[in-house]
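Below are the chains, spelled out letter by letter.
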Amino acid sequence: MFSQLGEKIWADWIWFPEGHGWADLTDRDGQVFPKTKDLWATIPIALCFLVCRQIFERTVATPFASLLGVSDKQRFRAPPNPILESYFCSASKHPTQSSVESLSKQSGCSVRQVQRWFRRRRNQDRPSKLKKFREACWRFTFYLLAFFAGLAVLIDKPWLYDMRQMWDGFPKMPLLPSQYWYYMIELGFYISLIFSVATDVKRKDFKEQIIHHVATISLISFSWLVNYIRAGTLIMLVHDASDYLMESAKIFNYAGWRKTCNFIFTMFAAVFIVTRLVILPFWIIYTTWVYPLTLYPPFLGFYFFNGLMLVLQALHIFWAVLILRMVVKFLPGNDIVEDERSDKEETDSEDEAEGREQKEKFKNGHVQNGHTLLNNNHSKAD
């Protein structure tokens, strides 16, 4: 039963144009073609990325953060309160004014104390600046290396300059060693992002990021299976062209280098719009959607591949709107660019005054119960 179902799902007429099929991807005459089993190599590669990331963040990103003066602000932990904690976890992290008044009566705290408790409790769940800095350093390093690796792979390929040649001889296009490693490393990295999604910084576009990762993994994997590798390498190069600029802008944002951050972010916005909203739809998608119809009649695999491309393009438009909104915010003045996808940490003058008072006591050597007063309100890093 399952074998018959598999034969129907992987029928030649579904994934290839008429007159072609899986037999065309059989190795022959010294030529090697992509195989399904090759994709299993991406799992250990993804695990290696996770290990390398931990080593990189501790040995490179953390000292680099110290060099740039990136440190976490003092956070005040919300005192234990079962009633407020229950509401925070089960009802809402942002209670309405009526809910605050009700909770005030139930907990025996003043309205001001309830508001302060929720503010501090929300801050406990937010990732620290150092955590965000380390993550940005890791992604910047990968995207930068991946972009130049992609250039090295494609610089001498004719389909980089004439995209119609990505269909020359399809699907009987032999696999090159450089293409193999480019694919495996890129796919392994995106799989590692799925593995680490529970611990990575969660931003407001978290759902869109997950959709993007899944669509990217599906697109890369499918293009490998049916030998759309020439198109796949171009798509990966276009994506990596702007990502490292965004991550470097974040790095300088966290370091407080306002002018540098604004300059790099402006470069990122320009490159993003050119690559994702011009080159990708009007060159690459045109060559994968319109041009093939002059060579082959449409087939289901053709629609599936281009459907994934349109999902990515819709996400690019969504992010382009956010990017342009951020650019507009800092153009009139000299304010630093803020990532609209991130939650801002909440502070108030009362918390800051309390922090200054505790630091002053610590400096003066005040004692409590015969011991030097210590501040136990450490930041919570997720």
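Only a predicted model underlies this, so the values are computations on that prediction, with no experimental measurement involved.

Draft legend 1. Focus on the pattern of salt bridges. Under the counting rule described, the total for this entry stands at 10 salt bridges. Here Glu-57 ties to Arg-53 by a salt bridge, and the two come within 2.9 Å at their closest N and O atoms. Taken together, the residues span about one helical turn, with Glu-57 and Arg-53 both in helix α3 (residues 42-68) at a distance of four residues. With respect to class, Glu-57 is no different from Arg-53; both count as buried. Here Glu-247 and Lys-250 are joined by a salt bridge, their closest N and O atoms 3.6 Å apart. In this pair, Glu-247 and Lys-250 both sit in helix α10 (residues 229-255), three residues apart, roughly one turn of the helix. Using a relative accessible area of 7% as the deciding quantity, one classes Glu-247 as buried. Salt bridges sharing partners connect three or more residues here, namely Arg-53, Glu-57, Arg-134, Glu-135 and Arg-139.

Draft legend 2. Inspection of the confidence of the model for the chain at higher detail. Mean pLDDT over the chain stands at 83; residues scoring 70 or higher make up 83%. Predicted confidence in the chain is weakest over strand β2 (residues 371-372), with a mean pLDDT of 36, and strongest over α3, with 95. Here residues 365-382 is a poorly scored stretch, pLDDT under 50, and it has 34 contacts once near neighbours within four places are set aside; other chains count.

Reading the values: the criteria
- Residues numbered from 1 in each chain as written.
- Predicted model: local features only at pLDDT ≥ 70, side-chain atom pairs only at ≥ 80, totals over all residues.
- Heavy atoms only, no water.
- Salt bridge = Lys/Arg side-chain N within 4 Å of Asp/Glu carboxyl O.
- Helix = DSSP H or I, 4+ residues; strand = E, 2+ residues; numbered from the N terminus.
- Buried < 20%, exposed > 50% of the residue type's maximum accessible area, 1.4 Å probe, protein only.
- pLDDT = per-residue confidence, 0-100.
- Contact = heavy atoms within 4.5 Å.

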